[in-house]
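Residues per chain are reported as follows:
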Amino acid sequence: RYFFALASCRLTPPHRRLCTGDGGPAGLADAQTVFALSSGYGRCGVAVIRVSGPASMTALRSMAGLKHRLPPPRTALLRSITDPRTEEVLDRGLVLWFPGPHSFTGEDSAEFHVHGGPAVIAAVLQALGSVPGMRPAEAGEFTRRAFQAGKLGLTEVEGLGDLIHAETEAQRRQALRQMSGELGRLYQDWSRKLKRCLAHVEAFIDFSEDELIEDGVLNQVDTSVLNLQTEIERHLKDERRGERLRSGVQVVIAGATNAGKSSLLNTLCQRPAAIVSPIAGTTRDVVETALDVGGFPILLSDTAGLRDSPDLVEREGVRRARERVEQADLTLVVVDGSHLPPDDGEAAVFLQDHLSGVLPTQDQCLLVLNKVDLLTEETKQKLEADLSRVPGLPPLCFISCHTNEGLQHFLTELHNRVKTLCGDPLSGAPTLTQARHRAHLQQCVAALAQYQRYRDADLALAAEGVRLALTGLGRITGRVGAEEILDIIFKDFCIGK
Amino acid sequence: MLTKKIVPLQSFLSVVSRRAGHLAGRHYDVIVVGGGHAGTEAAAAAARVGAETLLVTQKIHTIGVLSCNPSLGGVGKGQLVKEVDALDGLCGRAGDWAGIYFSILNRRKGPAVWGPRAQLDRQRYREFIQSELLCTPRLTVLEGAVEELMVTDANPQEPGRHRVTGIRLANDSDPILASSVVLTTGTFLSGSLFMGRTTSPGGRIGDAPSSAGISNTLRDRLGLRMGRLKTGTPPRILKDSVDFSLAKFQPPDSIPSPFSFLNTHVRCKPEEQQSCYLTYTTPGVERVVRETLHLNCHVQQDTKGPRYCPSIESRVLRFPGRSHQVWLEPEGVNSDLLYPQGLTMTMPPEMQLRLIREIPPFHRAEIHTPGYGVHYDYVCPTQLSPALQVKSAQGLFLAGQINGTTGYEEAAAQGVWAGANAARSALSMPPVTLSRTESYIGVLIDDLVTRGVTEPYRMFTSRAEFRTSLRPDNADLRLTLKGFEEVGCVSSFRYQETVRVRDSLQEALTALQSLTMSPPAWRKKLPDIRMSEAKGNMLNGMEVLQYQDVSFEMLESVFPECLSPYKEFSQRLKIEVFLTFFHLSKRDIERIQREENMSLPQDIDYFSLPVSLSVEVRQILDRVRPSTLGAATRLPGVTPAAIVHLLNYVWHKGQKEKRAHKRQLHQKEDREEELSARNAS
């Protein structure tokens, strides 16, 4: 999915620029201007929003009240930041102007330093989105633009691949979270309808002269396109209709039954949010609770214990649990420490096995050994020593939810991980995602208008509009290839010539 | 136009057979096996590029035969014909010579998707192709059946890499050697014919089956992955037995538009065009299909056939209870046969007669030749390079149905490209490729070699992402210049003509832009046009021409002194200007072109490449061996991160080579200086 998103500015060959050592503004630069929240998400005093591209100056002038004078380069100015559509003051903050090529990306750039509240950030991002020629940046786009402009050294380029990987991963998780909700179903529905529209227009173009394609096909498309356009426009106007996105770092507790997952949740939120009992399979649905860990917002979910169960309800619980783990930024894998095999190497092998059963990838996870109060001090120390020597195991915490032993160490570890995750501006930042969605939906509406404009003059151009609309929506719901459209054509029409 | 005289067929045959005796042991640059649409284009293109070329075919008089439908072009396919013509291929001019019914499909849907199409006279088409081949310098035609395709053992230094050395004919112990071989075997590769419950080996009814030798070499010696596909053809009906009053007359275009950029009109006079008719199937047709199902081997097989152009059996089985279209198409000016497009069937002949008589115009019809089905082998095309060369066999090129495509136009398009590359390879010139952004041929080849096929591949305009710029009207500007300058397959006559067209179009656009007036002034000149522009904005001729109701002729009548020199381009100018303002995909095109230009070395060892790539990505890259970074990005499973690493690698390598090149240059300069110093002393 992100493959094509990335393609929008994928990697212009850096050769010319790097070879000649010419530091001028990138001649090959993208004509679009992008913006994004560049500082981390979570509680912070100042948020930095970065803009890069030819329209940076327009954005800066129209939003920082600088209509009549040029801002001095690379100098902080304290300005009121306004929404260019309504002239409403959004915040008071610092603005900076970096004319290209002397900027990080080599293009004209600007920065807005505003107060770090989600409402302010969301408002500024939306205001930026309303400036013509602006769109939210794709994952890693600033870095890529810098790369294109020859602003990065070779070693930094090596790092870029890994960066894109990390960011696409964060986006993937985030998209998964959203796509499972009501909003996701809405977008999927639009995408399905659009696909059908496109397939029918394409069928009409490629086959109607030779084939029996009912005359009504295009009229149906006209109606569908108009309806979709109205529907998406209404959705864009009525912001309350949007599903409230769950914000914060998504932390999921997972593991076998009776390992003490619900106890851990209750211990962490200091209230009996989840029912605990010695009966295996007590938790069947996902129990969610919002927490503040050292100032960072997290959304903690307790899930059903993973086991094969004949019980239908429990099976559904296990499915949901697995879905949650897929979407998690961080997974706490809880293991009953008193049930570990006693022999030397075996504990490590057991844990490795267990982990690969719970997690699809093990990069974002903490291993929590619970019920250590049931172990003798000697066994515990031996275990700790053994496991610390095993490479490839995730960080390990020994705790007891019963006696609160080891809890402090666990909390410190959790705090550090959440802090790192929040440093990544993409994780759990719904405002950014909303801005991205809005941009893609607006693009979609504009493209549908193109269909109507060219419908009678040039059907190929009209079809291009539907295709473009689908690409826009595809940035949210997943890419649609030519083959998929052909599949619909051959399912709906009998093509015989 | 078409000034070339058709040489009588008889003398053509004699010339060829006189040559045939002396060929054994000779060495050719290129040998083309097969004389269908792919083979004839490949042989002609190879010879144009400058290679000594030999075309081997089972029967000389079947060269250029239209095995199935007597028509050329259509939506998507017409674009391919235009592109083949722009590369100086044969089929466009042959279509203009042999066409007896011309129409441009999609006339009302925008110039990008216009589909030039013609019904052909089978006899004339064959004559044209045969006489063209005869007049082609450096091309020899030989009648014979190829017994064996000769390849070297794999090079021990490069496991799995073979080289083609030539062919051996049946009953002929001496091989004919060649640097390149182009295989265009069509449906003959392990082909079997199906009619009712009988099957027999062969690729076309009335022709001998080809030997299993080629198939064995491809499968066993070269280890190529092969698959099986099926196709079919309808019965031919005696024209006299058809009641045309029960079918709907379909008029041709009143003025035929030629396929070829070199022709201003076609051979057939407008008023002499033949007629086509349209009729529909009845419930009786469905009944006959169901009743004869147990007698129909072809339908029962699970070999993949196309979802388009399916047999009447599969149409009524997949969409029961509907009536289906049947087109009644002429087979030629003097032919007493009729081609029922849409009635491909493989049931026993007596049942075929029963079926067609269920259709009103055919209620007393007689069948001349029954329809039948064909199963044949194809080579999974992901094993080819974008030059259509088999990756594991140096010098072996494939084109047409052997690559899993269907259709004359698809075959011809691959033929030109494979032939040109086979010649270039034989003459030690680097391969040339076409990008998706510049041609339908590029889309076709890219789809084949990067994605492969699961059913016979046919061109549709919806496969081309950049459809609005890959138009039939501008194929010459897209391909002829490149074909001459980079490929060498275009004659200088055609090149000069295209340069003239390009320059005139440019001048005309400049002239249009120079005509600047205020909207009221324009309104005075063109009173019938509604112009909404505000008073202050000046408008130039190009902007005015963009109005839907404004034609170039209208502007020309207002400014005759300025615009009349460009009258012959009026339609092209209108299209060009109308779409110039539609810049939508231009940036995407540029981006893709930049990526396409970054080639990935073919001999790269992805498993030992010192960059961080996951094992999965390495496996995918190793299997597909994309030839450019652009092709790599389209592979499912190759991550953006992997692309960055690849890009970095390619760039790094390019730098190194550049440095090495510079060093060499310096050394050369040093030597020369030394030399001149010595000479001076």
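Because the structure is a prediction, the values reported are computed rather than measured.

S.K.: How should the domain arrangement of chain A be read in this particular structure?
M.R.: How big an interface is tends to be expressed through the accessible area that disappears when the partners come together. When the domains of chain A are assigned, the result is domain 1 (33–137) and domain 2 (244–422). Here the C-alpha centroids of domain 1 of chain A and domain 2 of chain A sit 41 Å apart.

S.K.: I tried to follow the packing of aromatic side chains on my own but got confused; where do I start?
M.R.: Two descriptors summarise a pair of aromatic rings, namely the distance from one centre to the other and the angle between the planes of the rings. All names here are of chain A. Tallied over the full model, the rule gives nine aromatic pairs over all chains. Ring geometry for Tyr187 versus Trp190: centroids 5.7 Å apart, planes at 40°, classification tilted. Within this pair, Tyr187 and its partner Trp190 are both found in helix H7 (residues 182–207), separated by three residues, close to a single helical turn. By relative accessible area, Tyr187 is classed as buried at 3%.

S.K.: Please explain the domain arrangement of chain B as it appears in this structure.
M.R.: Domains assigned within chain B are domain 1 (27–231 + 375–486), domain 2 (236–372), domain 3 (506–581) and domain 4 (598–669). Distance from the C-alpha centre of domain 2 of chain B to the C-alpha centre of domain 3 of chain B: 46 Å.

S.K.: Is there a simple way to think about the side chain of Ser103 of chain A in this case?
M.R.: All names here are of chain A. Considering the arrangement of structural elements, one finds Ser103 in the loop between strand E4 (89–98) and strand E5 (109–115). Accessibility expressed as a relative area gives 9% for Ser103, which makes it buried. In terms of polar contacts, Ser103 uses its side chain to reach the side chain of Ser109, at 3.5 Å.

S.K.: Hey, could you run me through unusual backbone geometry in this one?
M.R.: The bulk of non-glycine residues show a negative phi, and the bulk of peptide bonds are trans. Residues and elements named next belong to chain A. Following Gly100, the chain continues into Pro101 via a peptide bond in cis, with omega recorded as 0°. Among the structural elements, Pro101 can be located in the loop between E4 and E5. Although it is not a glycine, Asn258 adopts a positive phi angle of roughly 60°. Mapped onto the secondary structure, Asn258 falls in the loop between strand E7 (249–255) and helix H9 (261–269). Even without being a glycine, Asn404 presents a positive backbone phi close to 65°. The topology assignment puts Asn404 in the loop between strand E12 (396–398) and helix H13 (407–423).

S.K.: Looking at this structure, how should I read the nonpolar core?
M.R.: Across soluble globular proteins, nonpolar side chains have a tendency to be buried as a group. Counting residues in each nonpolar core, the largest one holds 114 residues, and the members touching the most others are Ile31, Ile167, Val181, Leu183, Leu218 and Leu396 of chain B. The dominant element in this core, judged by the number of residues it contributes, is helix H11 (residues 408–426) of chain B, at eleven residues. The residues that make up this core include at least three from each of domain 1 (27–231 + 375–486) and domain 2 (236–372) of chain B. In this view, Leu218 of chain B contacts Leu149, Leu183, Leu189, Gly223, Leu224, Met226, Val379, Leu396 and Ile402 of chain B; residues no more than four positions away in its chain are not counted. Of all hydrophobic cores here, the second largest spans 44 residues; its members include Leu198, Leu441 and Ile476 of chain A together with Ile104 of chain B.

So, how was this worked out
- Within each chain, residue numbers correspond to sequence positions counted from 1 in written order.
- As they are written, the chains are lettered A onward and the ligands numbered 1 onward, keeping that order.
- The predicted origin of the model limits local features to residues at a pLDDT of at least 70 and limits the giving and counting of side-chain atom pairs to 80 or more, whereas totals for whole chains, interfaces and linings rest on all residues.
- Water and hydrogen atoms play no part in the side-chain values, which are based on all heavy atoms of the structure.
- Those domain boundaries reflect an automatic or database domain assignment.
- Aromatic pairs are defined between Phe, Tyr and Trp rings, using the six-membered ring for Trp, whenever the two ring centres lie within 6.5 Å; interplanar angles under 30 degrees are classed as stacked, those over 60 as edge-to-face, and all others as tilted.
- In DSSP terms, a helix is any run of H or I states spanning at least four residues, a strand is any run of E spanning at least two, and both are numbered starting from the N terminus.
- Only protein chains enter the accessibility calculation, which uses a 1.4 Å probe; a residue whose area is less than 20% of its type maximum is buried, one above 50% is exposed, and one in between is partly exposed.
- Pairs of N or O atoms are called polar contacts if they sit within 3.5 Å, as long as, within protein, a hydrogen donor faces a hydrogen acceptor (for residues adjacent in sequence, only side-chain-to-side-chain pairs).
- As used in this record, nonpolar core signifies buried Ala, Val, Leu, Ile, Met, Phe, Trp, Tyr and Cys residues forming a set joined through side-chain atoms within 4.5 Å.
- Contact between two residues is taken to exist if any of their heavy atoms lie within 4.5 Å; hydrogens are not considered.

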